[in-house]
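# Observations on the model geometry
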Amino acid sequence: MASNIPQESTSFVGRRVELRRLASELTQHRLITLTGPGGVGKTRIAVRAARAAAARFPDGVRWAPLWPLQGDQLLVATVCDAVGLADHSARTPVAALCEWLADKDLLLVLDSCEHLVDACRDLVGDLLTAAPGVTVLVTSRQPLDIVGEALTEIGPLPCTGDNDALTLFTERAGTAAPELRLTDPVNAEAAALICRRLEGIPLALELAGAQLAHRPLAQVAERLGSRLDTLDGTGMPWTPRHRTLRTAIGWSHELCAPLERLLWARLSVFRGTFDVGSAAAVCADGPLTPDGVRTTLAGLAAKSVVSREGNRFRMLDTLREYGRMWLAELGEAAVVADRHADHFVGFGRRAELGWLGPDQVTWYGRVAESYVDLCTALDHLLGSAPARAQELSAAIGFFWTCCGHLHEARDYLERALAAQDAQGTQDAQGAARSGALWALGVAVLLQGELHTAETLGRECARAAREAGDRDATLAAGYLIGLTHLMAGRPLTAHTVAGQVLGPAPDDPFDSAGRLRCHLVRLFALTALGRFHEARDVATALRHGCVERGEYWSRSYTDYQLALVSLFQGRPEESAGHARAMLAAKRRIGDNFGIALGLDVLAAAAAAQGDGAVAAQVYGSGQAIWRTVGHPQRGTPELRAMREQCERRARAAIGDDAYAAVFDRAAEQNPDVLLARILDGEL
C-alpha cells in the first residue's frame, strides 16, 4: 500500500527533540497524540515523523486530513479514502473499514481531530481493536482520552539558545522581503523581539514574516507590541499561548486592506480547498467584484492568510475560525452560505452536462477535489431547499458511485428524497425527484441490493411518465436494464433497452441516458452469445466515444470487445482491449471498473497459456476487489468464464506455483502492477 503523506511546501525548522521522541514512541505505542494549541506546528511535525517511520510499516502510511470536516458525518468516509477503501457493499462503513484494516500493518495519521474528539475516540477504539497491526498518530488540540494513548505536547519554537523561532522568522522574512538584512544589529534585535512577543508560535511567525513585504521591520515590531498589550476584545478565556496566536491573527487582520478582510471572512465558508473561480462566484458581492476577488485573493496569499496548493487555495482551520467569527459579526453568514450552496448546485449542473464529452475526465477530477464543499452545500440545502438537494445529489451521484463515495451518494440521495417527501410539495414528482431516484437506484445496485434497485427503477419510470420527461425515461431504462443484467436476465435487459430507445436508427450520443441504454443493450448481446452483433455495436460506440473524448462509456465498450474476443478465441486481441479499458478506468479513478478489467486481462493471459501472468493479474485484481468490498462482481454469465480461465492457468504452471504467485500479487500494491500493465511490461 502506497503512502499519501502531504508534501511540504516550505522549509522545516528545528523540532529535533520532538522528532526523536516520536520515533521512539512509534515503536512502543499504538496510539500517539500530538497535542498543543492551534498554529504550533503539530501537522508539520506529524508529516516529518510519519515520513521517517514509513519504512517500518509494510503497508505504508495513510494520511487522513480531518480539518475540512464540519461534523462527524464524513469522518469514516475520509478515513476510507485515506486507506484506499472504496466499499461497494451494503455493510456499515465502520464495519467495512475495520475488516479492510484487520490484516494491515500500517501507520494511520488523523490530522486535526480537535473538533471531532468524541467521534475520533470511538473510531480509533474500534480500529485498534479490529486491526492489531495498525498504529494511529493523531494531531489534536486535546487528547482523545483512550486507554494506552501516549501524549506528546508540542510547544512553540524556542526563542533562546538555538533560537529556532528566529531561524523560522528569518527564512520567512527572506521570502517576503529578500532585500532585508537581518544580520544588521538593529534589524536583528527587532526580529528577536518579534519572536519573543509571538512566543515562538510558528503560525504567528509566518504571518508576521509575510507582513514584511508591505511594511518595514521596525513598524511590524512596534505595531505588534502595541497590539499584544491590548485585549483582543472577544472576552473569551483563551489560554495564554492561544491568546497570543489569536491576537497575532487579529493584528494581521487589522493590517489587511478592507477588501482583504471582507474576502477573508467570506472565504471561511469553504471547508476544503477552492479555486479562483469558486471564490469569485461565492464571495463577489457589493464592493468585491469578481475581478476584485481574484486580485484580493492574491493579496491574502501574499500575507499567508491562504496558501496555494497547485491551482487551488486553502485556508488553515485556525484562520478560517477567525474568518467565520468576522463573517458572523458582519451578519453575512446566512447569505454567504446560500451563495455557496447556489454555486455548487450550478457546479453540479455543469458537471452533469459535461459528463458526455471531452471534459468528462476533468469533471471527475473537479468533483473529487470539491467533495467536502459539495457535502457542505448538500447539508445546507437539506434544511433549506430539499428539491435543490435532490438536484445536486443526483447530478454528482453518478460521479460519486464510480469513484469511492458510494455510501455518501446513497446517504445524501435518501435524505434528499425523504426531506422533499416530508415537505409534500408538488415538486416531489418533478425532474429533480426522477434524477434522485435514478442515481439512488444505481448506488444500491452497485451495493448488490437488486430488489431495492428494481423497485427504484419502477418508481423512477413512473415518475418519468408522469412528468413526460424523455431523459428521465432513458435513465429509468438504464437502471432497470442494468438490474436485469446483474440478475442474470440478459434477454429482458435487451428488451427493456430496446423499448426505451425506440426504433433504429437513433443517435447513441444524443444524451448521456441514451448512451448508457445502448451500453445495456451491448452487454445483453454479449451475454446472449450474439457476439458478431456485439462486436459491431461495441466498435461503433467506441468510435463515437473516441471522437468525443469520452472515457467512461468507451471503457465499457473496450470491456465488451475484450470479452467478445475472448469468447471467439482471440485472446491476444482481448488483452489489448482489456488494457485500453484499464487505462480509461484509471483516468477517472473507478476501482470497480479496474477490477473488472484486471479479471478479463487475466483470463486473456490464461487463454494464451501464460499461467504465471494470469495468476499475477488475477491476484492483483483480487486486491482491488477487496477495496470495493466484494470477492468478485459482474454479470453472472462471466463467472463460468473466470472459472474456466483460472483452471487453465493452474494447469499451465501447477496449483502450488499458481497459489504462490496469486497470493503474492494479492498482498502487494495493485497500483504498481497496473502501472506495469499500462507501460506494456505485462
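Refer to the structure above for everything that follows.
Throughout what follows, the structure given in this document is the object of discussion. (Residues numbered from 1 in each chain as written. Predicted model: local features only at pLDDT ≥ 70, side-chain atom pairs only at ≥ 80, totals over all residues. Heavy atoms only, no water.)

### Details of the overall build of the protein
When helices and strands are counted, the protein shows 32 helices and seven strands. With the C-alpha coordinates aligned to their principal axes, the bounding extent of the protein is approximately 85 × 65 × 45 Å. In the protein, which comprises 682 residues, the share counted as buried stands at 57%. Of the roughly 26,800 Å² of accessible surface on the protein, a fraction of 53% belongs to carbon and sulfur atoms. Here the protein holds 70 positive side-chain charges and 81 negative ones, and the gap between their average locations is 2 Å. (Helix = DSSP H or I, 4+ residues; strand = E, 2+ residues; numbered from the N terminus. Buried < 20%, exposed > 50% of the residue type's maximum accessible area, 1.4 Å probe, protein only. Areas by Shrake-Rupley, 256 points an atom, 1.4 Å probe, with all protein chains shown as cover. Lys, Arg positive; Asp, Glu negative; His and termini not counted. Charge placed at Lys NZ, Arg CZ, Asp CG, Glu CD.)

### A word on the layout of surface pockets
Unfilled space is identified by rolling a water-sized probe across the atoms. The volume enclosed by the second largest pocket comes to roughly 660 Å³. Lining the second largest pocket we find 25 residues, and of these E352, G435, W438, D471 and R516 sit closest to its centre. For the lining of the second largest pocket, the secondary-structure elements that each account for two or more residues are α15 (333–354), α18 (386–402), α20 (431–446), α22 (470–486) and α24 (512–527). Across the lining of the second largest pocket, the residue classes break down as 15 nonpolar, four polar and six charged. (1 Å grid on protein atoms, 1.4 Å probe; cavity = no way out; pocket = protein on both sides within 12 Å on 5 of 7 lines; lining within 4 Å. Points joined across faces, edges and corners; volume = space filled by probe spheres on them. Nonpolar A, V, L, I, M, F, W, Y, C, P; charged D, E, K, R; others polar.)

### Here we look at α22
Look at α22: 24 Å from first C-alpha to last across 17 residues, which is about the 24 Å you get at 1.5 Å a residue. Looking at where α22 begins, the residue whose side-chain oxygen comes 3.0 Å from the main-chain nitrogen of D471 is D469. Just downstream of α22 lies G488, where phi reads positive at about 85 degrees. (Expected span 1.5 Å × (residues − 1). Polar contact = N/O pair within 3.5 Å; in protein donor to acceptor, adjacent residues only side chain to side chain.)

### Describing the state of the cysteines
Enumeration over the complete set of coordinates arrives at zero disulfides. Between C195, a free cysteine, and C159, which holds the nearest cysteine sulfur, the sulfur-to-sulfur gap is 5.8 Å. (Disulfide = S-S within 2.5 Å.)

### Quick word on the pairing of strand β3 (residues 107–111)
Most of β3 sits out of view: five of its five residues are buried. Both faces of β3 are covered, namely the face carrying L107, V109 and D111 and the face carrying L108 and L110. Looking at chain direction, strand β2 (residues 61–65) and β3 are connected through five bridges and run parallel. From the neighbouring strand, W63 faces β3, where its bridge partner is V109. The pairing of β3 with strand β4 (residues 135–140) spans five bridges and is parallel. (Pairing = 2+ DSSP bridges.)

### Things to note about the sheet that holds β4
Think of a sheet as strands paired side by side through backbone hydrogen bonds, with each pair either parallel or antiparallel. Strand order in the open sheet made by the five strands is β2-β3-β4-β1-β5, with parallel pairing throughout. At either margin of the open sheet sits one strand with a lone partner, and together these are β2 and β5 (150–153). With direction set aside, neighbouring strand axes in the sheet form an average angle of 15 degrees. Packing of helix α3 (residues 75–83) onto the sheet brings it into contact with β2 and β3, and relative to β2 it is tilted by some 150 degrees. (Axes fitted to C-alpha atoms, helices over the stretch in contact; angles between N-to-C directions. Contact = heavy atoms within 4.5 Å.)

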